Amino acid sequence: MSATDHIHDAQRLRTLHATGLLEAEEVPPLDRVTRLAVGCLHVPAAVVSLIDADRQVVISAAGSARPERHWQTPLSQTLCRHIVITDAPLTVPDTRADERWREVEAARDGRVASYAGMPLRAGRGRVLGTLCVIDAEPRQWSGEQLAMLEDLAAMAEAEIVTRLTRNEPHASAVLDRVPEPIACLDAAGVVTGWNAAAVRLFGWPAAEAVDRPVSELISPERVRGDCERLLRRVREGDASAREVHRLELTAADRAGREFPAELVAQVSAGGDGPICQVVLHDVGDRDEIRRQLEGEQLFLRALVDSLDVMIGACDSDGRVVLVNRPLRQGTHAPWPEVHVQDAGEVFEVFAADGRTPLRGDQVPLARALAGEHIDGQQIIARLPGEEPRCFAVNGRPIDAPDGRRLGAVVALHDITAQHRAQVLRSAQHAVAEVLADAASVQEAAGGVVAAVTEALGWTYGEYWQVDEDGGAESGGSIASIAFWSRPGRDLSAFTDGQPTTFTRGQDLPGLAWERGEPVWIGDMAAESGDFSRLQGAVRAGLRSAMALPVRSGDHVLGVLIFGADRPQPPDDDLVELLDGVCAHLGRYMERRRAEELTVALAESRRQFDRIINQLTDKAWTVEIRPDGTARPVYVNTEHTTVFGGRLHLSPDDDFIAVMLRFVHPDDHDAFRAYCAELITGDRAELEYRLIGLDGVTRWIWSRGAPRREGERLLVDGISSDVTDRRRITEEREGLLAQQHQQVERLRQLDAMKDDLMAMASHELRNPIGIIRSYAEMLAEAPGLPEEYRTFIEVIDRKSEHLQNLVDDLLDLARLDAGRVVVDARPVWLTGLVRQAVDEHRAAAQAGRITLTAELAHHLHVHADPVRLRQVLDNLLSNAVKYTPAGGAVTVTAGCDSADTGAGNQEACRGEAITVTVADTGIGIPAEQYDQLFSRFFRASTAKAAGIKGTGLGLAITKAIIEAHGGAITAAPRAGGGTVFTVRLPADPSHRAEPA
């Protein structure tokens, strides 16, 4: 029969109109069915529609995207007509991918992207309409969803049959056309209608069934009471609500055969009271099928649980529904609660590189559900509390014969060991390539750290190199020379401001160096060790670290350190595998170090030769043989200064014998003695003459220093041409002799000068005295004109000045000659100074100068009072003379500052007393203080001021003070002027006397 015949079948159309549903304003039972469909299947719309000859009419709808009731659509624009035509359910996962629905406007504009519909029948082959659910997004309809939709369609069919029996004049005929067993009951539960399908199922003819309680016809006697109570509750319900009831019970036919049955009942209001329509289904086959399915599921579960490979499967909605025992035990996760879109985050799934996260539809099971066939995809799963594991995954979608997507399945093979071995092989290969191409130790270390860290999938790596000759007072140090971290990973909290050098045993690098074995920190946050960088590492998010010593034999050359963001329990297998990398790196480092040392040694030798060859000296090293000969080891032969030409030596020569050929014959014995001293192991040096290759005799200065290297005795030496130095020395000795003669002559001249000055002064003293006496006599002569008296005063004044000058010269001569005896005795210095000050006060007042004294009372010195007064007079007269009007002169006396301090009123307990004379005078230039106490010296300031003087007073003063065992100094005064300080020995008898 064609599609048109099904749609326009007259019997179908009569039955459709007989239901009265096309004109009904409300159909509560069907509304309940559509609401249940929306809630149970989680769809935006569920619709019950009837197919008339030329249109589709919606009689019930529910959901957010539902159409209006009585909404009509041409048959060409509906998918439901295909169910009427085929009398079979219809599912469309994606209308956009199905060519059949291009003409349907609702599918074309996206309002209906997926569709599932069930036929609503009123007799065999008579499909009146559909119960369908729709979604605006493509979706796979699961078998469970379709079974539920089929059950809801049966409820809708019961309402249709009920309406037919109520509206059809020949109800029994209508009931007989319904393929399901139906019984109509009155308010007491007595059968009023019994169709042919009920006769076939239960064996009771309609004539015998009518007017009997339905429980007697369908229920075995042992549970009949339960059946009657269930039906009573149904009948006593609200008839106006037209609620549909579904009950499961044990039924029995007339012959007593029991079978499980499903009863669908609906109560409605009748003319004589409420009536009840009951649809009965034999569900024995369904239970058997369910039991078969349950058995198959148990078999399938036992089968997959027995496999070594991990198996997981999901349904069409992406919910994980099957997990075999290896996968359950291997993951310890709540699989039934996981959706495939969330599996990547729940199990921290990464790509094979261990860094790229797989999320959402990138997870293998989600890809299989989308229709992909996956073969051997490698993933890394970081399960909680476990080491990362590597899996090879195969995945397939599970499709029904009709094309429906039922779900997907994946098989996971644990290839962690193989993956780790492959990773380490790759790391070792990368290390080998790095070491083959590295041009330096630092470049090699950086390449190895990057290769291994990246291969392991850890966060950072570094190499610390040991320097046993530097740091910690030659105890050695270890320094970071290479660092690598995963791109994009910020480790500034760990690296900034952290030390890059440690000593043996200090922090993690130093600890691995000291122990010479691996050190593993599984969780830094729980580590209590004394590691200075630990807090910075935790702040940067690092949680675990391992340090591996790089050795050459038993000697540790450096330490490799790797860190990760996750706690990592110690892994002996990983450490053992990485030992190979460390050994490879250690061999390279040792070889590279040897090469660098060789190159450095050669360069040092060239540099040494360049430096040595710049010298005019001959540098040499010889080895002393057991027979006492000297084998040349090194002799710089580039210069010809010492030998007057280039000396060629062979390793078999005896250096001593070669040298003796050139040593001056008169120096042979001295040279042999010099060599013998070196052979005994003592340092020695010698100056000798050497006749060079050019025939010139030169003086040579040779120095030798023996040293031992094991059993060998080596001597290092330098030979210098000192001919010029010898000549200069001889010339210098001649000049020194000449200078000595000149000094002696000057000393004699100085003594003659002093004698002459003393003699002249002595000879001048008598005539001056006579001149002054005669002048005094003339001044007393009576009648002498006043003018002559003035002349006599001038003669006397000048004679006095001349006599003072002569006296000074004589005093200075006697003091220099030591012929003046100082009559030292206890002197009360305070009284002596006060007396001197009082006598100069008149001169100071005449010059309008303030003269003050600050004197301790009990000051006693051991001195000659006459000479000491001479010193005081000289200092005071100079101070007054060189101080302008309005100035001041201050005299202080007290104990030396090293004792109790100047001005102390008690007796001094020290050994010296200090007297200072300070003035505010014209001062002395700083550069002239050194000459101030020289004979006849006068400061430039005194000369400029026109102040007369002989320059002998201070020289005499210094001589007197030094004759007393004291000292005198002069210094600038703060604010201008000069300060003279005299330090004299205190009187021992008064040191401890109280005041």
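Everything below is about the structure shown above.
Residues numbered from 1 in each chain as written. Predicted model: local features only at pLDDT ≥ 70, side-chain atom pairs only at ≥ 80, totals over all residues. Heavy atoms only, no water.

S.K.: Just to check I follow, could you spell out the sheet that holds strand 25 (residues 630-635) for this structure?
M.R.: Backbone hydrogen bonds are what pair the strands of a sheet, in a parallel or an antiparallel way. One open sheet accounts for five strands, arranged 25-24-28-27-26; its pairing is antiparallel. On the outer flanks of this sheet lie strand 25 and strand 26 (684-691), each paired with one strand and no other. Looking at each pair of strands side by side, their axes are set apart by 30° on average, direction ignored. Relative to the sheet, helix 23 (residues 668-679) contacts strand 24 (618-624), strand 26, strand 27 (697-709) and strand 28 (712-721), its axis offset from that of strand 26 by approximately 145°. (Pairing = 2+ DSSP bridges. Helix = DSSP H or I, 4+ residues; strand = E, 2+ residues; numbered from the N terminus. Axes fitted to C-alpha atoms, helices over the stretch in contact; angles between N-to-C directions. Contact = heavy atoms within 4.5 Å.)

S.K.: Would you explain the packing of aromatic side chains in this entry?
M.R.: Under the criterion given, the structure shown has ten aromatic pairs. Ring centres of Tyr460 and Phe483 lie 5.6 Å apart, and the angle between their planes is 25°; this geometry places the pair in the stacked category. On the criterion of sequence distance, the pair formed by Tyr460 in strand 18 (residues 460-467) and Phe483 in strand 19 (residues 477-485) is long-range, its members being 23 residues apart. On the basis of relative accessibility, which here comes to 2%, the residue Tyr460 falls in the buried class. With relative accessibility at 38%, the residue Phe483 sits in the partly exposed group. Relative to Phe980, the ring of Phe933 lies with its centre 6.4 Å away and its plane at 90°, an arrangement referred to as edge-to-face. (Phe/Tyr/Trp six-rings, centres within 6.5 Å; stacked < 30°, edge-to-face > 60°. Buried < 20%, exposed > 50% of the residue type's maximum accessible area, 1.4 Å probe, protein only.)

S.K.: Please clarify how the environment of Tyr774 should be interpreted in this entry.
M.R.: If you trace the backbone, Tyr774 turns up in helix 24 (residues 723-780). For the pair formed by Tyr774 and Ile792, sequence separation is 18 residues and the distance between their alpha carbons is 9.4 Å.

S.K.: Just checking my understanding: could you explain the packing of helix 27 (residues 865-881) against helix 29 (residues 953-963) for this structure?
M.R.: To describe two helices that pack against each other, one gives the angle between their axes and the distance between the axes. Relative to each other, helix 27 and helix 29 sit at 145°, their axes nearing to 10 Å. The hand of the helix 27/helix 29 crossing is left-handed. Seen from helix 27, the contacting residues are Arg867, Gln870, Val871, Asn874, Leu875 and Asn878; seen from helix 29, they are Gly953, Leu954, Ile956, Thr957, Ile960 and Ile961. Residues that form the contact of helix 27 with helix 29 fall into these classes: six nonpolar, five polar and one charged. (Left-handed = near helix turned anticlockwise from the far one by under 90°. Nonpolar A, V, L, I, M, F, W, Y, C, P; charged D, E, K, R; others polar.)

S.K.: What's the story with the pattern of salt bridges in this structure? I'm lost.
M.R.: When their charged atoms lie close together, side chains carrying opposite charge are able to pair. Applying the stated criterion across every chain yields a total of 41 salt bridges. Residues Arg319 and Asp315 are paired through a salt bridge, measuring 3.2 Å at the closest nitrogen-oxygen approach. The partner of Arg543 in a salt bridge is Asp523, with the nearest N and O atoms 2.8 Å apart. Note that Arg543 is positioned in the loop between helix 20 (534-539) and strand 22 (544-552) and Asp523 in the loop between strand 21 (519-521) and helix 20, a separation of 20 residues in sequence. Residues participating in the shared-partner salt-bridge network are Glu623, Arg631, Arg707, Glu709, Arg712 and Asp716. (Salt bridge = Lys/Arg side-chain N within 4 Å of Asp/Glu carboxyl O.)

S.K.: Please clarify how the environment of Leu548 should be interpreted in this entry.
M.R.: Examined against the element boundaries, Leu548 turns out to sit in strand 22. Put simply, Leu548 and Pro518 are 30 residues apart on the chain and 4.6 Å apart in space, counted from C-alpha to C-alpha.

S.K.: Would you mind going over the nonpolar core with me for this structure?
M.R.: Side chains that are nonpolar tend, in soluble globular proteins, to be buried together. If you look at the biggest cluster of nonpolar residues, it comprises 43 residues, and the most contacted ones within it are Leu829, Val861, Leu875, Val891 and Leu932. Every element with two or more residues in this core is listed here: helix 26 (829-846), strand 30 (850-855), strand 31 (860-863), helix 27, strand 32 (888-895), strand 33 (912-919), helix 29 and strand 35 (978-985). Counting residues per element, this core draws most heavily on helix 27, which supplies seven residues. Sequence-distant contacts of Leu932, that is, excluding residues within four places in its chain, are made with Ile924, Phe937, Leu954, Ala970 and Phe980. Ranked by size, the runner-up nonpolar core spans 33 residues in total, among them Val57, Val133, Leu146 and Leu149. (Core = buried A, V, L, I, M, F, W, Y, C linked by side-chain atoms within 4.5 Å.)

S.K.: What exactly am I supposed to notice about helix 16 (residues 416-437) here?
M.R.: Since the α-helix advances by 3.6 residues per turn, residues separated by three or four positions end up pointing in the same direction. Helix length check: helix 16 (22 residues) gives 31 Å between terminal C-alpha atoms against 32 Å at 1.5 Å per residue, within 8%. Buried within helix 16 are the following residues: His419, Val423, Leu424, Ala427, Val431 and Leu435. Projection of helix 16 onto a plane perpendicular to its axis shows the buried side chains occupying an angular sector of 140°, all on one side. More than 90 degrees from the buried face of helix 16, the exposed residues found are Ala436 and Asp437. (Expected span 1.5 Å × (residues − 1). Arc of directions from axis to C-beta.)

S.K.: How should the side chain of Arg867 be read in this particular structure?
M.R.: Tracing the chain through its elements places Arg867 in helix 27. Residue classification places Arg867 among the buried positions, given a relative accessible area of 14%. Here the side chain of Arg867 touches Gln870 through a polar contact of 2.8 Å, side chain to side chain. (Polar contact = N/O pair within 3.5 Å; in protein donor to acceptor, adjacent residues only side chain to side chain.)

S.K.: In this structure, what is going on with a negative patch on the surface? I would like to understand it.
M.R.: A cluster of acidic residues, Asp572, Asp573, Glu576 and Asp579, forms a negative patch at the surface. Looking at the secondary structure, you find Asp572 in helix 21 (residues 572-613). (Patch = residues over 30% accessible without salt bridge, like charges linked within 9 Å, V, L, I, M, F, W, Y side chains within 5 Å. Areas by Shrake-Rupley, 256 points an atom, 1.4 Å probe, with all protein chains shown as cover. Lys, Arg positive; Asp, Glu negative; His and termini not counted. Charge placed at Lys NZ, Arg CZ, Asp CG, Glu CD.)

S.K.: I tried to follow the packing of helix 26 against helix 27 on my own but got confused; where do I start?
M.R.: Running from amino to carboxyl end, helix 26 crosses helix 27 at an angle of 35°, the nearest separation of the two axes being 10 Å. The interaxial crossing formed by helix 26 with helix 27 has right-handed handedness. Every residue of helix 27 that contacts helix 26 at Leu829, Leu832, Val833, Gln835, Ala836, Val837, Glu839, His840, Ala843 and Ala844 is listed here: Pro865, Leu868, Arg869, Leu872, Asp873, Leu876, Ser877 and Val880.

S.K.: Help me understand helix 2 (residues 10-18) in this model?
M.R.: Those residues of helix 2 lying buried are Arg12, Leu13, Thr15 and Leu16. The arc that holds the buried residues of helix 2, viewed along the axis, is 160°, so those residues lie on one side.

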